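Structural features, examined
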2 protein chains.
Amino acid sequence: MPSSTQIANGLSKLGTFLRASQWHRVEDTGLTPTQSQILLHLIARGADRITAVAEEIAVTQPTASDAVAALVRKGLLRKANDPADARAVLLHPTAAGRRIAKDLALWPDVLLGAVDSLLPDEQAALLRGLTKIIRDLQHQGAIPVQRMCASCRFFRPSAHENPETPHHCDFVNAAFGEARLRLDCGDHEAAPPSAAAAAWQQFADQKASTSKAPRPR
Amino acid sequence: MPSSTQIANGLSKLGTFLRASQWHRVEDTGLTPTQSQILLHLIARGADRITAVAEEIAVTQPTASDAVAALVRKGLLRKANDPADARAVLLHPTAAGRRIAKDLALWPDVLLGAVDSLLPDEQAALLRGLTKIIRDLQHQGAIPVQRMCASCRFFRPSAHENPETPHHCDFVNAAFGEARLRLDCGDHEAAPPSAAAAAWQQFADQKASTSKAPRPR
DNA sequence: GACATTACATAGGAGTCCTATTTATATAAT
DNA sequence: ATTATATAAATAGGACTCCTATGTAATGTC
């Protein structure tokens, strides 16, 4: 029983829990998990097309179409013509949609609490692991491209000597550490393939304990 | 934007992906994610009641009842009387159910591949983080008790000097390391509350880097 | 201009998921 | 013993998820 199985198992259990806790919230918000995801996505990233939304939440286009129809019926979303393409539809959150979204959370407080109870080093290591897994899945085409440091053109891993803040973000022009790696950065811009691959190598080959073990100098 | 948010975000994304990939498998197996979960649970843990199954997969009892009915209809499950309680029902997998379950996986190969691409230290750290989160959720009553080392009466954390294999399992009477922590051990037996709390403290307070940094001696 | 492609909608159907309620049994309190 | 209460599961009803398959319109290609 290799540890990768245990890890997959753990992720699975947390996934089950997350989905269930979203369902429990239906009576407060009136939105199903799928609907919440769509609304939050549109608010975070701006107006978008149905196909793109479907890909984002990993369902087929008709399923997304269904959920969008429900949101429109509830007055939380508005369909607008896309000036760039007369077939397409741009989904805009309405004022009511924005209002409701404030009370919407994709993850429950008890999960945040549990994560906060980890030591800082543990959080950093966990985030690093998740980052690598997500980037790998993305690389294999199993999930859509994420707005993560790992694939961003502004990301320069291991750019600094200081083991506390080895990475650098060219966008905000600042050094940062493992614990500040982002998975959903608003300023993300995809790096060209070759540069991305090189930066990723740099990041991935780093020893897991970089932030603890003093570097030989 | 604290890292706990990024971590929750990452877990969320992986959860979305996991659920979607289970749906993609429907055409092979003929089973929905919920049905797969139930069948696999019963095979792994033996016959069980509907209420228990519902709790395990984090749905309400009527939902579990629905899914079980579908499985019975498909000939993969059999309902039997519970000799201990005439109201209750014991669910047994049929031979066909066991056959089908062999081809059923709760997690897709590409996820296992992604996890395997982590360095051993990274895997251990990730597993440790997941373990702590799951145990915390369990402690808060947000998820049912898991068959994990962290709550097992045979688990003796940090029992050994060797930083590679600090923990000890009294059941198999062997030392093991972070990477071998289990989340679904078949031999799990719940520890009495006080002992469990003590063992947990021992485990939780360990420095994250135990397996790397040489201990002062 | 014909042909394939793409964006979305719709239809049809099994299943998920909930709350509320019913039926039967078990347990507790009188 | 006899109610009263609690529990295990089934059922009803309804919104929604999720799929495949297909239709409709607009776009891109040669």
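The model shown is predicted, which means the values in this text are computed figures rather than measured ones.

Turning our eyes to something else, we now look at the overall build of chain A. Looking only at helices and strands, chain A has nine helices and five strands in total. Starting at the N terminus and walking to the C terminus, you meet the elements of chain A as α-α-α-α-α-β-β-α-α-α-β-β-β-α. Considering only C-alpha atoms, chain A reaches an extent of 65 × 40 × 35 Å along its principal axes. A burial count over chain A gives 50% of its 217 residues as buried. The long-range share in chain A, meaning contacts at least 24 apart out of those at least 6 apart in sequence, stands at 55%. Carbon and sulfur atoms make up 53% of the accessible area of chain A, which amounts to about 10,500 Å² in all. Between the mean site of the 25 positive side-chain charges and the mean site of the 22 negative ones, chain A shows a separation of 2 Å.

Time to look at the packing of helix α8 (residues 120-139) of chain B against helix α9 (residues 193-204) of chain B. Residues and elements named next belong to chain B. Relative to each other, α8 and α9 sit at 145°, their axes nearing to 12 Å. Crossing geometry of α8 relative to α9 is assigned as left-handed. Touching Arg-128, Thr-131, Lys-132 and Arg-135 of α8 are Trp-200, Phe-203 and Ala-204, all from α9. Per-class residue counts for the contact of α8 with α9 are three nonpolar, one polar and three charged.

So, about the sheet that holds strand β4 (residues 167-169) of chain B. Residue and element names in this part refer to chain B. Within the open sheet, the three strands sit side by side as β3-β4-β5. Their pairing is antiparallel. Two strands in the sheet have a free side with no partner beyond their single neighbour: β3 (155-156) and β5 (174-176). As paired strands, β3 and β4 are joined by two bridges and run antiparallel to one another. Within β4, the position partnered with Phe-155 by the bridge is Cys-169.

Two measures describe an aromatic ring pair: the distance that separates the ring centres and the angle between the ring planes. Scanning the model with the defined rule gives eight aromatic pairs over all chains in all. Relative to Phe171(A), the ring of Phe154(A) lies with its centre 5.1 Å away and its plane at 55°, an arrangement referred to as tilted. One end of the pair, Phe154(A), is in the loop between α8 (120-139) and β3 (155-156); the other, Phe171(A), is in the loop between β4 (167-169) and β5 (174-176), and 17 residues separate them in sequence. Seen in terms of ring centroids, Phe155(B) and Phe203(B) are 6.0 Å apart; in terms of plane orientation they differ by 65°. Their pairing is edge-to-face. Remark: Phe203(B) occurs in helix α9 and Phe155(B) occurs in strand β3; sequence separation between them is 48 residues. One aromatic cluster is present, built from ring pairs that chain together Phe155(A), Phe176(A), Trp200(A) and Phe203(A). Over the aromatic face of Phe203(A) sits the side chain of Arg128(A), whose NZ or CZ is 4.4 Å from the ring centroid.

So, about the protein's contact with DNA strand D. The environment of DNA strand D is formed by 26 residues, the closest being Thr32(A), Thr51(B), Ser65(B), Lys79(B) and Arg87(B). The sugar and phosphate moieties of DNA strand D supply 69% of its atoms located within 4 Å of the protein. Interatomic distance of 3.4 Å between a side-chain N/O atom of Arg19(A) and a phosphate oxygen of DNA strand D. One of the side-chain N or O atoms of Lys79(B) is found 2.3 Å from a phosphate oxygen in DNA strand D. If you list the elements that add at least two residues to the surface near DNA strand D, you get α3 (33-45), α5 (61-73) and β2 (85-93) of chain A together with α4 (50-56), α5 (61-73) and β2 (85-93) of chain B. In terms of residue count, α5(A) provides more of the surface near DNA strand D than any other element does, five residues in total. For the surface near DNA strand D, the class distribution of residues is nine nonpolar, eight polar and nine charged.

What follows is about the interface of chain B and chain A. Taken together, the contacts link 64 residues of chain B with 64 residues of chain A. Interface area, chain B with chain A, both sides summed: about 5,800 Å², of which 70% is carbon and sulfur. Here chain B is connected to chain A by four salt bridges. Between Lys132(A) and Glu122(B) there is a salt bridge, with the nearest N and O atoms lying 3.0 Å from each other. At the boundary of chain B with chain A, the tally comes to 18 residue pairs in polar contact (both at pLDDT 80 or more). The set of elements that each furnish at least two residues to the side of chain B that touches chain A consists of α1 (3-24), α7 (109-116) and α8 of chain B. In terms of residue class, the side of chain B that touches chain A is made up of 34 nonpolar, 17 polar and 13 charged.

Scoring rules and cut-offs
- Residues numbered from 1 in each chain as written.
- Chains lettered and ligands numbered in written order.
- Predicted model: local features only at pLDDT ≥ 70, side-chain atom pairs only at ≥ 80, totals over all residues.
- Heavy atoms only, no water.
- Helix = DSSP H or I, 4+ residues; strand = E, 2+ residues; numbered from the N terminus.
- Buried < 20%, exposed > 50% of the residue type's maximum accessible area, 1.4 Å probe, protein only.
- Contact = heavy atoms within 4.5 Å.
- Areas by Shrake-Rupley, 256 points an atom, 1.4 Å probe, with all protein chains shown as cover.
- Lys, Arg positive; Asp, Glu negative; His and termini not counted.
- Charge placed at Lys NZ, Arg CZ, Asp CG, Glu CD.
- Axes fitted to C-alpha atoms, helices over the stretch in contact; angles between N-to-C directions.
- Left-handed = near helix turned anticlockwise from the far one by under 90°.
- Nonpolar A, V, L, I, M, F, W, Y, C, P; charged D, E, K, R; others polar.
- Pairing = 2+ DSSP bridges.
- Phe/Tyr/Trp six-rings, centres within 6.5 Å; stacked < 30°, edge-to-face > 60°.
- Lys NZ or Arg CZ within 6 Å of the ring centre and 35° of its normal.
- Near = heavy atom within 4 Å.
- Polar contact = N/O pair within 3.5 Å; in protein donor to acceptor, adjacent residues only side chain to side chain.
- Buried area = accessible area lost by both parts, 1.4 Å probe.
- Salt bridge = Lys/Arg side-chain N within 4 Å of Asp/Glu carboxyl O.

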